[in-house]
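If you want the building blocks of each chain, they are given just below.
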Amino acid sequence: MSLKRKDFLGLYNVEADEIYEILETAKAMKEIFTRSVKKVPTLRGKTIVNLFFEPSTRTKSSFDLAAKRLSADVMSISKSTSSVAKGETLLDTARTLEVMGADVVVIRHSAAGAAEFLARKIKASVLNAGDGAHAHPTQALLDMYTIKEKLGKIQGLKVLIVGDIAHSRVARSNIWGLTKLGAEVRVTGPATLIPKEISKMGVKVFTDLDKALVGVDVVNILRIQLERQAKGLFPSIREYRQFYGINDERLSGLSKDVLIMHPGPMNRGIEIESSVADGDQSVITEQVTNGVAIRMALLYLLAGRDLKDEDLN
Ligand code: CP
């Protein structure tokens with residue numbers, strides 16, 4: 001098994017069969033979690049560098065754990081504790097790590113296009129762990145994995161994404177991935193947080209949450225980026241909660257089979273009430289677990305391009 005590419009930068013240029021291949025590989029990886037020793041020697045001798053220039057809990061720790069479960073050597077570099085804080089460029093940092101033998105560079109950066117830039121400049125594989133408001137492909141893949149695991153399919157499902165669509169790399173990556181796999185994707189949020197051109201991505205746009213919720217199978221709730229309020233992009237937290245918050249009342253109007261998702265970190269009591277986040281329909285903790293399996297799959301498919309299928313055992 002291998003991907004058709006050196007780098008994994010986003011779902012915008014990935015075909016449906018490649019997405020299914022990653023999801024299938026993640027399923028095999030998840031089986032390893034059930035073993036008493038949750039580790040395989042598959043990537044022994046390979047080196048993974050986690051280059052995180054933006055804060056992260058879930059993505060960074062799951063890439064760390066994924067690399068360790070595959071027995072790779074892993075190095076983690078952050079902006080504040082590296083020479084980037086002394087003015088070193090992203091490229092010089094990456095090249096320094098490459099000549100130490102990095103096979104895969106996982107990068108999170110606040111600038112859209114940072115992963116693509118690095119991929120053009122270094123020989124190591126580059127894996128995008130979130131770049132600005134552009135793309136967060138591993139988040140979308142773990143979301144799709146969770147939907148498929150829970151509901152058995154993706155094709156034909158109605159998936160609603162709620163919140164700040166304009167500034168969300170999670171929304172964009174989910175839209176690219178889900179539409180390729182044949183889901184109907186809806187988006188809703190304050191008009192100021194929905195880009196006019198979003199319908200060109202093949203989604204249905206709603207400004208009324210309650211209308212958008214009719215007949216959905218999945219509700220994926222985005223974190224409201226509180227710094228946007230200072231820029232006047234939504235009126236107040238109280239109004240956001242009233243018009244776009246997912247609460248028990250809204251949930252009670254939906255089928256009991258509807259999945260509630262959130263990529264994290266959550267603003268409890270704003271975009272999602274705690275009772276919903278911790279309720280029976282929530283799959284938020286499963287999303288986090290599945291994130292490790294998806295990241296193991298991608299590291300295996302990129303770093304293990306010269307390995308054979310049986311090496312997974
Ligand atoms: N969902 C997500 O990307 O979370 P982190 O910022 O904690 O990695």
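Above: the structure in question.
The text that follows walks through the structure, step by step, so that each part is easy to find. (Residues numbered from 1 in each chain as written. Predicted model: local features only at pLDDT ≥ 70, side-chain atom pairs only at ≥ 80, totals over all residues. Heavy atoms only, no water.)

A few words now on the overall build of the protein chain. Secondary structure assignment for the protein chain yields 12 helices and 9 strands. Here the C-alpha radius of gyration of the protein chain, 19 Å, is about what a compact globule of 313 residues would show, namely 20 Å. Seen along its three principal axes, the alpha-carbon backbone of the protein chain occupies a region of about 55 × 45 × 35 Å. Out of the 313 residues in the protein chain, the part that is buried amounts to 55%. For the protein chain, the share of sequence-separated contacts (at least 6 apart) that also reach a separation of at least 24 residues comes to 74%. (Helix = DSSP H or I, 4+ residues; strand = E, 2+ residues; numbered from the N terminus. Rg over C-alpha atoms; globule rule 2.2 N^0.38 Å. Buried < 20%, exposed > 50% of the residue type's maximum accessible area, 1.4 Å probe, protein only. Contact = heavy atoms within 4.5 Å.)

Considering all chains together, one arrives at 1 cavity of 30 Å³ or more under this definition. Considered as a void within the structure, the largest cavity measures approximately 70 Å³ in volume. Every residue lining the largest cavity is listed: Arg58, Ser62, Gln139, Leu142, His262, Pro263, Gln287, Val288, Gly291 and Arg295. Elements represented by at least two residues in the lining of the largest cavity include exactly helix H2 (58-69), helix H5 (137-151) and helix H12 (284-303). With 4 residues, H12 is the largest single contributor of residues to the lining of the largest cavity. Split into classes, the residues belonging to the lining of the largest cavity amount to 3 nonpolar, 5 polar and 2 charged. (1 Å grid on protein atoms, 1.4 Å probe; cavity = no way out; pocket = protein on both sides within 12 Å on 5 of 7 lines; lining within 4 Å. Points joined across faces, edges and corners; volume = space filled by probe spheres on them. Nonpolar A, V, L, I, M, F, W, Y, C, P; charged D, E, K, R; others polar.)

What surrounds the ligand is the set Ser56, Thr57, Arg58, Thr59, Arg108, His136, Gln139, Pro263 and Gly264. A distance of 2.6 Å separates an oxygen atom of the ligand from a polar atom in the side chain of Ser56. One nitrogen or oxygen atom from the side chain of Thr59 is found 2.6 Å from an oxygen atom belonging to the ligand. Coverage of the ligand by the protein chains reaches 91% of its 260 Å² of free accessible surface. Assessed atom by atom at 2 Å from the grid points, the ligand resides in the largest pocket. (Near = heavy atom within 4 Å. Polar contact = N/O pair within 3.5 Å; in protein donor to acceptor, adjacent residues only side chain to side chain. Areas by Shrake-Rupley, 256 points an atom, 1.4 Å probe, with all protein chains shown as cover. Sits in = over half its atoms within 2 Å of the grid points.)

Below, the discussion takes up the sheet that holds strand S7 (residues 204-206). Ordered in space as S7-S6-S5-S8-S9, the 5 strands form an open sheet in which the pairing is parallel. Strands at the two margins of the open sheet, each flanked by one partner only, are S7 and strand S9 (259-261). Recorded for the sheet is a direction-independent mean angle of 20° between the axes of neighbouring strands. Where strand S6 (residues 184-188) and S7 come together, 3 bridges link them in parallel fashion. Its bridge partner lying in S7, Arg186 is registered against Lys204. (Pairing = 2+ DSSP bridges. Axes fitted to C-alpha atoms, helices over the stretch in contact; angles between N-to-C directions.)

So, on to the packing of H2 against H12. It is the contact of H2 with H12, at a shortest axis distance of 8 Å, that shows an interaxial angle of 55°. Between H2 and H12, the angle falls in the class oblique. The two elements H2 and H12 meet at a crossing, and its hand is right-handed. Judged by residue contacts, Arg58, Thr59, Ser62, Phe63, Leu65, Ala66, Ala67 and Arg69 of H2 engage Val288, Gly291, Val292, Arg295, Met296 and Leu299 from H12. When the residues that make up the contact of H2 with H12 are grouped by side-chain class, the tally is 8 nonpolar, 3 polar and 3 charged. (Parallel < 35°, antiparallel > 145°, perpendicular 65-115°, else oblique. Left-handed = near helix turned anticlockwise from the far one by under 90°.)

As summarised here, the arrangement of the 4 strands in space is S2-S1-S3-S4, forming an open sheet in which the pairing is parallel. At either margin of the open sheet sits one strand with a lone partner, and together these are strand S2 (73-78) and strand S4 (125-131). For this sheet, the mean angle separating the axes of adjacent strands, direction not counted, is 15°. In the packing of H2 onto the sheet, the strands contacted are strand S1 (47-52), S2, strand S3 (104-109) and S4, and the crossing angle to S1 comes to about 175°.

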